[in-house]
Amino acid sequence: MPRYEYRCRTCAATFELARPMADSSAPAVCPEGHEDTVKLLSAVAVGGTRSAPAAASQGGCCGGGCCG
C-alpha cells in the first residue's frame, strides 16, 4: 500500500499514512488529533540508464517521419 506524507497546519507535525491510492486526497488527522492537514508532494526517484530510449535513437516516436 502506498505511503503518503502530510503536514499538520496546527502543530506543524509531518507524518506518513499508508492508505489506498483512492484515499490519498481524503482528509487525514495528525497524530496529535488535529484535522487541519495538507498532503505534501513527494519526489519519486526513478533509476535507469543514461542511454537514449530505442525510439529516440530511431528518430522519434514514429520512426522519424513526423518528429524530424
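Residues numbered from 1 in each chain as written. Predicted model: local features only at pLDDT ≥ 70, side-chain atom pairs only at ≥ 80, totals over all residues. Heavy atoms only, no water.

Trainee: Give a detailed account of the overall build of the protein chain, specifying residues and quantitative values.
Mentor: In terms of helices and strands, the protein chain carries 1 helix and 3 strands. Going from the N terminus to the C terminus, the protein chain shows its helices and strands as β-β-β-α. In the protein chain, the proportion of contacts linking residues at least 24 apart, taken out of those at least 6 apart, comes to 27%. Surface accessibility of the protein chain: about 5,300 Å² in total, with carbon and sulfur atoms responsible for 53%. (Helix = DSSP H or I, 4+ residues; strand = E, 2+ residues; numbered from the N terminus. Contact = heavy atoms within 4.5 Å. Areas by Shrake-Rupley, 256 points an atom, 1.4 Å probe, with all protein chains shown as cover.)

Trainee: Which residues make up the state of the cysteines, and what are the values?
Mentor: Applying the stated criterion to the full structure yields 0 disulfides. Not engaged in a disulfide, the cysteine Cys8 finds its nearest cysteine sulfur in Cys11; these two sulfurs lie 3.6 Å apart. A relative accessible area of 1% places Cys8 in the buried class. With no disulfide of its own, Cys30 has Cys8 as its nearest cysteine by sulfur position, at a separation of 3.8 Å. For Cys30, a relative accessible area of 4% puts it in the buried group. (Disulfide = S-S within 2.5 Å. Buried < 20%, exposed > 50% of the residue type's maximum accessible area, 1.4 Å probe, protein only.)

Trainee: An account of the packing of aromatic side chains is needed here, citing residue identities and associated values.
Mentor: Evaluated as defined, the whole model comprises 1 aromatic pair. Look at Tyr6 and Phe15: their rings are 5.8 Å apart centre to centre, the planes differ by 20 degrees, and that puts the pair in the stacked class. Judged by its relative accessible area of 2%, Tyr6 is buried. (Phe/Tyr/Trp six-rings, centres within 6.5 Å; stacked < 30°, edge-to-face > 60°.)

Trainee: Can you tell me about unusual backbone geometry, naming the residues and giving the values?
Mentor: Although it is not a glycine, Ala12 adopts a positive phi angle of roughly 70 degrees. Assignment of secondary structure puts Ala12 in the loop between β1 (3-8) and β2 (14-18). Residue classification places Ala12 among the exposed positions, given a relative accessible area of 54%.

Trainee: Got a sec to walk through the sheet that holds β2? Specific residues and values, please.
Mentor: Taken together, the 3 strands give an open sheet; going across it, the order is β2-β1-β3, and neighbouring strands pair in antiparallel fashion. The open sheet terminates on both sides in strands that have one partner only, identified here as β2 and β3 (37-39). Pairwise comparison of adjacent strand axes, ignoring direction, gives a mean angle of 35 degrees for this sheet. (Pairing = 2+ DSSP bridges. Axes fitted to C-alpha atoms, helices over the stretch in contact; angles between N-to-C directions.)

Limitation: the analysis is restricted to geometry and does not speak to function.
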